[in-house]
Amino acid sequence: MKRVLGWLLMAVAVFLVMAGLAAAPLIFGIGEHRRACGRYYDSIEAALAPFDILDAAPAGVTSDGERDRDCTDTDDHHATISRFYRTSGQHGSRENIESFYRDLALRNGWKLSSGGDPAAEPRCVVKEEPMGAEVSLEVWFDPESKDTSYIVSASTWPC
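Figured I'd write up the structure that's included with this text. Along each chain, numbering runs from 1 in the same order as the chain's sequence is written. Residue-level local features of this predicted model are given only where pLDDT is at least 70; pairs of side-chain atoms are given and counted only at 80 or more, and the full residue set underlies all totals for whole chains, interfaces and linings. Side-chain measures here rest on the full set of heavy atoms in the structure, leaving out hydrogens and waters.

1. Digging into the packing of aromatic side chains
We count it as follows: The rule is short: rings of Phe, Tyr and Trp, with Trp giving its six-membered ring, pair when the centres are within 6.5 Å, and they are stacked under 30 degrees, edge-to-face over 60, tilted in between. The helix and strand labels rest on DSSP assignments: H or I over at least four residues marks a helix, E over at least two residues marks a strand, and numbering proceeds from the N terminus. Only protein chains enter the area calculation, which uses a 1.4 Å probe; residues under 20% of their type maximum are buried, those over 50% are exposed, and those in between are partly exposed.
Summed over the entire model, instances satisfying the criterion amount to four aromatic pairs. Both rings, one in Tyr85 and one in Tyr150, keep their centres 5.5 Å apart while their planes meet at 20°; by these two values the pair is stacked. With Tyr85 in strand β3 (residues 80-87) and Tyr150 in strand β7 (residues 150-155), this residue pair connects regions lying 65 residues apart in the sequence. Each member of the pair, Tyr85 as well as Tyr150, carries the same accessibility label: buried. With 5.7 Å between their ring centres and 65° between their planes, Tyr101 and Tyr150 make a pair best called edge-to-face. Separated by 49 residues along the polypeptide, Tyr101 in helix α2 (residues 94-107) and Tyr150 in strand β7 bring together distant segments of the chain. For Tyr150, a relative accessible area of 1% puts it in the buried group. An aromatic cluster is defined as three or more aromatic residues linked by ring pairs; in this entry it consists of Tyr85, Phe100, Tyr101, Phe141 and Tyr150.

The following block contains the structure:
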């Protein structure tokens, strides 16, 4: 009986060691993703530090909750910090809201960018950070929504 129990314990131990070795790359990948996302979140926070554009809103617009953090791209580890805003009634068009954030960002050290194509019209507002990450600012509207509720995001996704 002792011999059978010994072999059984040995088989379980070998199985656990093999399972641990098989899971090691997955565990390492998760750890690397968290470290990379943390660095990118730091870059975004540094871009927002002098003036936090995610806290700004045009008249008649209110924040609908706290900031959201997202870093789901496990290959490139792009991070996003965003905030949802709700309009009350007809306070501004989509163009006016986009212009509000673009102008505010440009007055606070952000730059227009054409996304790497020097011949193209500038279409993004970006800020370079000392850590090397380029942070872009986007205003997103739900295309199916009839109101002008929107999300403002600062992200390490390329322009």
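2. Looking at the pairing of β7
As a reminder of what qualifies: When DSSP finds two or more bridges between a pair of strands, those strands are recorded as paired.
The element β7 is largely enclosed, with a buried count of five among its six residues. The pairing of β3 with β7 spans six bridges and is antiparallel. Among the inter-strand pairings, Phe84 is bridged to a residue of β7, identified as Ile151.

3. Re α2
Heads up, the condition is: To estimate the expected span of a helix, count its residues, drop one, and scale the result by 1.5 Å. Throughout, the arc means the angular range of directions from the helix axis out to the C-beta atoms. Two residues qualify as a contact provided that any one of their heavy atoms is within 4.5 Å of a heavy atom in the partner residue.
Between its terminal C-alpha atoms α2 stretches 20 Å, which fits the 20 Å expected from 14 residues at 1.5 Å a residue. Residues of α2 that are buried include every one of Ile97, Tyr101, Leu104 and Ala105, and no others. With its buried residues spanning 100° around the axis, α2 presents them on a single face. Counted as exposed and oriented over 90 degrees from the buried face of α2: Glu95, Asn96 and Arg107. Against the buried residues of α2 lie β3, β5 (124-128), β6 (134-141) and β7. One or two residues past the end of α2 sits Gly109, with phi positive at roughly 95°.

4. Overview of the state of the cysteines
Quick reminder of the rule: Pairs of cysteine sulfur atoms within 2.5 Å are identified as disulfides in what follows.
Counted under the stated rule, the structure contains one disulfide. With its sulfur 1.8 Å from that of its partner, Cys37 forms a disulfide with Cys71. Classification of the bridge connecting Cys37 and Cys71 rests on its S-S torsion, roughly -75°, and on that basis the disulfide is left-handed. Of this pair, Cys37 sits in helix α1 (residues 2-48) while Cys71 sits in the loop between β2 (68-70) and β3, placing them 34 residues apart in sequence.

5. Remarks on the side chain of Thr87
The topology assignment puts Thr87 in strand β3. With near-sequence residues (within four places) excluded, Thr87 lies in contact with Gly60, Val61, Ile97, Asp147, Thr148, Ser149 and Tyr150.

6. What to know about the layout of surface pockets
As a reminder, the rule being used: Grid points spaced at 1 Å over the protein atoms alone were grouped into cavities, where a 1.4 Å probe fits but cannot get out, and pockets, open sets with protein on both sides within 12 Å along at least five of seven lines, with lining residues defined by an atom within 4 Å of a point. Grid points are joined across faces, edges and corners, and a volume is the space filled by probe spheres set on the points. Charged means Asp, Glu, Lys or Arg here, nonpolar means Ala, Val, Leu, Ile, Met, Phe, Trp, Tyr, Cys or Pro, and polar covers whatever is left, Gly included.
Of the voids in this model, the largest pocket is the one considered here, and its volume is about 250 Å³. Lining the largest pocket are Glu98, Tyr101, Arg102, Leu112, Pro122, Arg123, Cys124, Val125, Leu137, Glu138 and Val139. Counting only elements with at least two residues in the lining of the largest pocket, the list comes to α2, β5 and β6. Of the residues in the lining of the largest pocket, the class split is seven nonpolar, no polar and four charged.

7. A word on the nonpolar core
Test applied: The criterion is simple. A nonpolar core is a set of buried Ala, Val, Leu, Ile, Met, Phe, Trp, Tyr and Cys residues joined through side-chain atoms within 4.5 Å.
Formed by 26 residues in total, the largest nonpolar core has its most connected members in Tyr101, Trp110, Leu137, Tyr150 and Val152. For this core, the element with the most residues is α1, which contributes five residues. Apart from residues lying up to four places away in sequence, Tyr101 is in contact with Ile53, Ala56, Ala57, Pro58, Tyr85, Leu137, Val139, Tyr150 and Val152.

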